[in-house]
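Below are the chains, spelled out letter by letter.
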Amino acid sequence: MYSYGRQSIDQSDIDAVVEVLKGDWLTQGPALETFENDLKIYFGSNHACAIANGTAALHLTGLALGWKLGDIVITTPTTFLSTANCIVYAGATPDFVDIDPLTYTINPNLVEDKVKIYQSQGKKIKAVIGVDYAGHPCDWKALREIANKYDIQLVNDNCHALGASYLDDKQYAVKYADVVTQSYHPVKHITTGEGGAIFTNDAKIDEEVRTLRSHGMTKNPEKLDKDDGPWYYEMCKIGFNYRINDLQCALGISQLRKLDFFVSRRREIAKQYDIAFGSDEGFIIPSVSKNIGHAFHLYPLQLKFDELNTEKKHFFEVMKIRGIILQVHYIPVHLQPYYQRNYDFRVGDFPYAEQFYKNEISIPIYPDLLFEQQQQVINSINHSINI
Ligand SMILES: *Cc1c(COP(=O)(O)O)cnc(C)c1O
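Let us look at the structure shown here. (Residues numbered from 1 in each chain as written. Predicted model: local features only at pLDDT ≥ 70, side-chain atom pairs only at ≥ 80, totals over all residues. Heavy atoms only, no water.)

1. Notes on the site of the ligand
Convention followed: Nearness of a residue to a molecule or strand requires only that one of the residue's heavy atoms be within 4 Å of it. Counting of polar contacts relies on pairs of N or O atoms within 3.5 Å, with two restrictions inside protein: one atom must be capable of donating a hydrogen and the other of accepting it, and residues adjacent in sequence are counted only when both atoms are side-chain atoms. Computed by Shrake-Rupley with a 1.4 Å probe, the accessible areas treat only the displayed protein chains as cover when residues are assessed. Put simply, DSSP marks the helices as runs of H or I at least four residues long and the strands as runs of E at least two long, and each gets a number from the N terminus on.
Taken together, 16 residues form the shell around the ligand, and within it Gly54, Thr55, Asp157, Ser183 and Lys188 come nearest. Serine 183 places a side-chain nitrogen or oxygen 2.7 Å from an oxygen atom of the ligand. The separation between an oxygen atom of the ligand and a polar side-chain atom of lysine 188 is 2.9 Å. Within the complex, the protein chains bury 92% of what would otherwise be the 380 Å² of accessible surface of the ligand. Secondary structure elements with two or more residues in the shell around the ligand: α3 (54-64) and α4 (81-89). Considering each element in turn, the shell around the ligand owes the most residues, 3 residues, to α3.

2. A word on the nonpolar core
Definition in use: We define a nonpolar core as any set of buried Ala, Val, Leu, Ile, Met, Phe, Trp, Tyr and Cys residues linked to one another through side-chain atoms lying within 4.5 Å. Relative accessible area decides the class of each residue, using a 1.4 Å probe on protein chains only: under 20% of the type maximum gives buried, over 50% gives exposed, and in between gives partly exposed. Annotation comment: domain bounds sourced from an automatic or database domain assignment. Throughout, a contact is declared for two residues whenever any of their heavy atoms are within 4.5 Å.
Core analysis: the largest hydrophobic core is formed by 48 residues, its most contacted members being Leu39, Trp140 and Phe199. It is helix α2 (residues 30-43) that provides the largest number of residues to this core, a total of 6 residues. Structurally, this core is a two-domain feature, drawing no fewer than three residues from each of domain 1 (2-256) and domain 2 (259-384). Not counting residues within four places of it along the chain, the set of residues in contact with tryptophan 140 comprises Gly130, Asp132, Leu154, Val155, Asn156, Tyr166, Tyr172, Tyr176 and Ala177.

3. Some thoughts on the sheet that holds strand β2 (residues 72-75)
For the record, the criterion: Strands are treated as partners if at least two bridges between them are detected by DSSP. Fitted lines through C-alpha atoms give the axes, limited to the stretch in contact for helices. The angle between two N-to-C directions lies from 0 to 180 degrees.
Spatial ordering of the open sheet is given by β1-β8-β7-β5-β4-β2-β3, a layout of 7 strands whose pairing is mixed. The sheet is open, and its two borders are formed by β1 (47-51) and β3 (93-96), each paired with just one other strand. Neighbour-to-neighbour, the strand axes of this sheet turn through a mean angle of 20°, independent of strand direction. Where β2 meets strand β4 (residues 125-131), 4 bridges bridge the pair, whose relative direction is parallel. Pairing of isoleucine 74 across the sheet is with valine 128, part of β4. Along the sheet, α3 makes contact with β1, β5 (153-157), β7 (179-183) and β8 (196-200), crossing β7 at roughly 160°. Across the sheet, helix α8 (residues 203-213) is in contact with β1, β7 and β8; its angle to β1 comes to roughly 15°.

4. Details of the packing of aromatic side chains
Worth spelling out the cut-off: Ring pairs are drawn from Phe, Tyr and Trp, using the six-membered ring of Trp, whenever the two centres fall within 6.5 Å, and their geometry is named by plane angle: stacked under 30 degrees, edge-to-face over 60, tilted for the rest. Definition used: whenever NZ (Lys) or CZ (Arg) falls within 6 Å of the ring centre and also within 35 degrees of the ring normal, the charge is taken to sit over that ring.
Within this structure, the stated rule accounts for 25 aromatic pairs. Look at tyrosine 42 and phenylalanine 43: their rings are 4.8 Å apart centre to centre, the planes differ by 65°, and that puts the pair in the edge-to-face class. We classify tyrosine 42 as buried; its relative accessible area is 15%. Phenylalanine 43 gets classed as buried once you look at its relative accessible area, which sits at 7%. Within the aromatic cluster, the residues linked to one another by ring pairs are Phe96, Tyr338, Tyr339, Tyr343, Phe345 and Phe350. Above the face of the tyrosine 357 ring, lysine 312 is positioned so that its terminal group lies 5.3 Å from the ring centre.

5. A few points about the packing of helix α10 (residues 259-277) against helix α15 (residues 371-384)
The geometry of a pair of packed helices is captured by two quantities: the angle between their axes and the separation between those axes. For clarity, the cut-off: Here roughly perpendicular refers to angles of 65 to 115 degrees, roughly parallel to angles under 35, roughly antiparallel to angles over 145, and oblique to all remaining angles. By definition, any crossing whose near helix is turned counterclockwise from its far helix by less than a right angle is left-handed, and any crossing with a clockwise turn is right-handed. Any residue outside Ala, Val, Leu, Ile, Met, Phe, Trp, Tyr, Cys, Pro, Asp, Glu, Lys and Arg is labelled polar, Gly included; the first ten of those are nonpolar and the last four are charged.
Where α10 meets α15, the closest approach of the two axes is 11 Å, and the angle between their N-to-C directions is 30°. If you check the angle between α10 and α15, you find them roughly parallel. Viewed along their axes, α10 and α15 form a crossing whose handedness is right-handed. From α10, Ile269, Gln272, Tyr273, Ala276 and Phe277 reach across to α15, where they touch Phe371, Gln374, Gln375, Val377, Ile378, Ile381 and Asn382. Residue classes in the contact of α10 with α15 are distributed as 8 nonpolar, 4 polar and no charged.

6. Points about the pattern of salt bridges
What counts is decided by this rule: A pairing counts as a salt bridge when a side-chain nitrogen of Lys or Arg comes within 4 Å of a carboxyl oxygen of Asp or Glu.
Taken as a whole and assessed by the stated rule, the structure comprises 17 salt bridges. We note a salt bridge from glutamate 207 to lysine 223, for which the minimum N-O separation is 3.2 Å. One end of the pair, glutamate 207, is in helix α8; the other, lysine 223, is in the loop between β9 (217-218) and β10 (234-235), and 16 residues separate them in sequence. Residue classification places glutamate 207 among the partly exposed residues on the basis of a relative accessible area of 34%. In this structure, the salt-bridge partner of aspartate 228 is lysine 226, at a minimum N-O distance of 3.6 Å. In this structure aspartate 228 comes out as partly exposed when scored by relative accessible area, which is 40%.

And the structure:
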C-alpha cells in the first residue's frame, strides 16, 4: 500500500529518542532548547517556539497578533482546515481570496481587490495568512507590499514548504511574513510525531506565544506583580498546555539534519512525475515559478476528468484496488458546512479553488518511495484512466 505521504525514520532517529528516554527530562528540557536553536539557524529566524502541533502554532499566532471579535482575516480556500479555524478561535471573522491558477497559492491581486472592497464599506483587513501550498512559496514580495501599503499583518502557514526557496533564499519565510508556522506531523517534510513551531523576528510575539504555550504562566521577575518566593508564578492571561516534549524534540533535531536530503529526494521524484505526465494532454503538472525552489510536500497532479471521461470517485477506487491510496488537497474550506452555515459562503465564490478541487489528486511523494514503486504508481494512473 502506498499513500500520498509518510515519514522517513532511520536508526539515528530511534537512537536519539531512546537517549532522551534514559535521561532526566521527558517533557520540556534540553532537547527543546536545542531543537529551537537548530530551527532558528536553519530558517534564519531570531526566534523559534516549538509547540504541540501546527494547529496550536496557528492558534497562538492569532492570539499573539491580537486578533479579536470584529477583525477580518483573509486566507486561501485551498488549505487545511486549521489555517481558517485559527481565525475563528481568536473570535475574528474569516474570509477567503481565490488562488492563482498556476501556483495554487493566494492571488495577491485579488487580495488587493478584497482590501478595496472592505475599504469601500469602511472596514479594514487585520491580517492575511498565505499558505505555501504543496511546497511552492506564495508571491511573498507582492503580499509584503500590500501588507505595508494597507497596514496588514502577514502570516505564512509554511507547513508544506520546509526547505523550499524563494528568490533563491531558503530563509525567505520570516523575511516577508511577521509570523511563520510549521507542522511536524508524519506526512510533512520532517516529523516529531505531532509537533510544530512558530517563527518570528519580533521578540514580543515570541514571548507572548511562549507564555500562552504553558497556561499563560510566567516566572519572569520583571513581569511579576509581587514575588512570594522561589515557587511563585503568576498567570496574567489565559493560556493552554500546548507543550512539545523532549522525546519529540530529539526526533525533530535528528530529522532536521536530513531535511535537505529529504527535499532533494522529493524533487527527484517530482521530476519523474513531470516526465511521465508533462506531455500528456489529459494531465496538468504543477508549475514552478521563476526563482522558486519547490519543496514538493505534495505532488498535486490535475486530471482533466471531464475530457478523460473518467469519474474521480471511480478513479480513486481503481487506484485503491491497485494498492495506491490517493488524497485530495484540498476541499475548499469555504465549502465546509460549518463555513457555509456561519459565514454564508457559497459554491462559486472562489472558482479557481473549486475547479482545482475537481481536478486535483495528490500522488505518492516521500523520500523512501523507491524508483520501482514510483513506476508502479505511474503505470497504475495510466491504466486507471482507461477503464
Ligand atoms: C498539516 C497542516 C496544518 C496543521 O498541522 P497539525 O500539526 O496537523 O496541526 C496546518 N496547515 C497546513 C497547510 C498543513 O498542511
